[in-house]
Amino acid sequence: MKNKKPLTKPLTQLKLSVPAEEISISNFLTASGTFQDGDLLLNQKGLRFVSENKETPLPLPKEVDLQFSLEDLETIRVIGKGSGGVVQLVRHKWVGQFFALKAIQMNIQEEIRKQIVQELKINQASQCPHVVICYHSFYHNGVISLVLEYMDRGSLADVVRQVKTILEPYLAVVCKQVLQGLVYLHNERHIIHRDIKPSNLLVNHKGEVKISDFGVSAKLATSMGQRDTFVGTYNYMSPERISGSAYDYSSDIWSLGMVILECAIGRFPYIQSEDQQGGPGFYELLEAIVESPPPSAPSDQFSPELCSFISACIQKDPEERMSSLELLTHPFIKKFEDKDIDFGILVAGLDPPTNFTR
Ligand code: ATP
Ligand code: MG
């Protein structure tokens, strides 16, 4: 999209009178009967704004109420693959805006799939800058398609794969944003995310970090019945959750602690060395999470603030964990707050995420 000021008026308020007699607009009129002048495009489908084909994930002007249909989106390339399906980079043909289109093929009853989409529509267009926006959701031929805000630097998993470890100042900035997203989900929406992990924390070139799969994982988890049908990773699951007990918001806090610790030490905390390829199996993991003492940040390598933050999250007793709101004022977050640390600079130096094999 061009670097122009976003539209300030709703499209519906723009009036255009089409002249009765022919005037010299032939320079702009294409063979298909489309009138184009700069960003403005007029044809039988009405008046639209188009923009250059650049993969810049600018937010849509609020006033543009896009009536999406899947036919309006053209595929650019595949950007990711999860256990539930494929994520593609798509472009809206008329507006030029890029989105991530996530298709989820689930072997569940059609009725349930329809319900999920119904609920996702309610959750759509969240009001938090640290939660990935879901603009639209469709259900077609057994597939749920979500039109998501495109995060052009991939996920935290992509970042860590390249940088190996994230230094504390950057980690604090990342963590603060995730916490802001969690406060929104927990306190305003009353939603447990249930699947906080590096691949669900997405990053853009501005250094913004946003929680994704909100709603999706939550709705799927509740609709499909818990553990038996869970298809993601168990690595970041809290002890109470992995052992099948009741769990609440604090389960997300355990997961956040595990993610931050992994980013700090450069390996999944329950693996002792990088030689342990593939990670532990389910029962090994279950035993480690439930039976062994909780992992912590080594105090000889990290600041007392980071160590304390990790231990405020990774407590086996859910009651002992701090809430997302409390953690926002933790000394680890406060320490770097006025330091003007730009995570965008770190991600700008990385290769764009192109390898989508898991
Ligand atoms: P799982 O399916 O096991 O939960 P996952 O989170 O990696 O794993 P998806 O949520 O399907 O699976 O995402 C696959 C990948 O696609 C992500 O790791 C990320 O790199 C990319 N991706 C997902 N959503 C977006 C988005 N909105 N913008 C940019 N990239 C995205
Ligand atoms: Mg995901």
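Residues numbered from 1 in each chain as written. Chains lettered and ligands numbered in written order. Predicted model: local features only at pLDDT ≥ 70, side-chain atom pairs only at ≥ 80, totals over all residues. Heavy atoms only, no water.

As annotated in an unreviewed UniProt entry, the protein chain carries the name mitogen-activated protein kinase kinase and is attributed to Dillenia turbinata. You can read under Sequence similarities (unreviewed entry) in the UniProt record for the protein chain the words "Belongs to the protein kinase superfamily. STE Ser/Thr protein kinase family. MAP kinase kinase subfamily." (UniProt positions renumbered as here; feature names shortened; annotations may be inferred.)

S.K.: So what exactly am I meant to see when it comes to the packing of aromatic side chains here?
M.R.: The description of an aromatic ring pair uses the distance of the two centres, along with the angle that the planes make with each other. For the structure on display, the rule yields eight aromatic pairs. Their ring planes at 55° and their centres at 5.9 Å tell us that F268 and Y270 sit as a pair that is tilted. We classify F268 as buried; its relative accessible area is 7%. Note on Y270: relative accessible area 13%, which makes it buried. Members of the aromatic cluster, each reached through a chain of ring pairs, are Y234, F282 and Y283. In this structure, R241 is placed above the aromatic ring of Y247, and the distance from its NZ or CZ to the ring centre is 4.9 Å. (Phe/Tyr/Trp six-rings, centres within 6.5 Å; stacked < 30°, edge-to-face > 60°. Buried < 20%, exposed > 50% of the residue type's maximum accessible area, 1.4 Å probe, protein only. Lys NZ or Arg CZ within 6 Å of the ring centre and 35° of its normal.)

S.K.: Help me understand the nonpolar core in this model?
M.R.: Nonpolar side chains tend to gather and get buried jointly when the protein is soluble and globular. Ranked by internal contacts, the top residues of the largest apolar core, which has 61 residues, are L156, L306, F309, F332 and F343. Discounting residues that sit within four places of it in the chain, L156 has contacts with I166, V174, P198, L201, V203, V259, C263 and F343. F98, I112, V117 and M151 belong to the second largest nonpolar core, which has 16 residues in total. (Core = buried A, V, L, I, M, F, W, Y, C linked by side-chain atoms within 4.5 Å. Contact = heavy atoms within 4.5 Å.)

S.K.: What exactly am I supposed to notice about the UniProt feature "binding site: ATP" (unreviewed entry) in the protein chain here?
M.R.: Taken from the UniProt record, the annotation "binding site: ATP" (unreviewed entry) applies to K102. Among the structural elements, K102 can be located in strand β6 (residues 98-105). We classify K102 as buried; its relative accessible area is 17%. In contact with K102, other than residues within four places in its own chain, are V86, V87, I144, S145, L146, L148 and D213. (Helix = DSSP H or I, 4+ residues; strand = E, 2+ residues; numbered from the N terminus.)

S.K.: Please explain the coordination of the magnesium ion (ligand 2) as it appears in this structure.
M.R.: Each donor-metal-donor angle in an ideal tetrahedron of four donors is 109.5 degrees, and each such angle in an ideal octahedron of six donors is either 90 or 180 degrees. Distances from the magnesium ion (ligand 2) to its protein donors, N200 (OD1) and D213 (OD), fall within 2.0 to 2.2 Å. A residue pair is termed long-range when its members are at least 10 positions apart, and N200 in the loop between α3 (168-188) and β9 (201-203) and D213 in the loop between β10 (209-211) and α4 (216-224) qualify at 13 residues. Accessibility expressed as a relative area gives 4% for N200, which makes it buried. With relative accessibility at 16%, the residue D213 sits in the buried group. (Donors = N, O, S within 2.8 Å, 3.2 Å for Na, K, Ca; no water.)

S.K.: Please clarify how empty space enclosed by the protein should be interpreted in this entry.
M.R.: Empty space among the atoms can be located by rolling a probe the size of a water molecule over them. Evaluated as defined, the whole model comprises four cavities of 30 Å³ or more. Space inside the largest cavity adds up to approximately 90 Å³. With three residues, the single largest contributor to the lining of the largest cavity is helix α6 (residues 250-265). Tallied by class, residues from the lining of the largest cavity come to four nonpolar, four polar and five charged. (1 Å grid on protein atoms, 1.4 Å probe; cavity = no way out; pocket = protein on both sides within 12 Å on 5 of 7 lines; lining within 4 Å. Points joined across faces, edges and corners; volume = space filled by probe spheres on them. Nonpolar A, V, L, I, M, F, W, Y, C, P; charged D, E, K, R; others polar.)

S.K.: Teacher, can you tell me more about the confidence of the model for the protein chain here?
M.R.: One rule of thumb: low pLDDT means the predicted coordinates there are not for detailed reading. Per-residue pLDDT for the protein chain has a mean of 77; in total, 68% of the residues score no lower than 70. Within the model, the stretch residues 1-64 combines pLDDT values under 50 with 90 contacts to residues more than four positions away or in other chains. In this model, residues 224-228 is a region of pLDDT below 50 whose contacts with residues beyond four sequence positions or in other chains number ten contacts. (pLDDT = per-residue confidence, 0-100.)

S.K.: I would appreciate a short explanation of unusual backbone geometry in the present structure.
M.R.: Negative phi values dominate among residues other than glycine, just as trans dominates among peptide bonds. Notably, H190 is not glycine yet its phi reads approximately 55°, a positive angle. When you line up the elements, H190 lands in the loop between α3 and β9. The class of H190 is exposed, set by a relative accessible area of 54%. Of note, the phi angle at R194 is positive, near 80°, even though the residue is not glycine. Considering the arrangement of structural elements, one finds R194 in the loop between α3 and β9. Classification of R194 by relative accessible area gives buried; the value is 16%.

S.K.: How should I be thinking about the pairing of β6 in this particular structure?
M.R.: Taken residue by residue, a regular strand's side chains alternate between the two faces of the sheet. Here β6 lies mainly inside the structure; six of its eight residues are buried. Between the antiparallel neighbours strand β5 (residues 85-92) and β6 lie five residues, among them G96 with a positive phi of about 80°. Sheet analysis places β6 next to strand β8 (residues 143-149), joined by seven bridges and oriented antiparallel. The partner of I104 across the bridge, within β8, is I144. (Pairing = 2+ DSSP bridges.)

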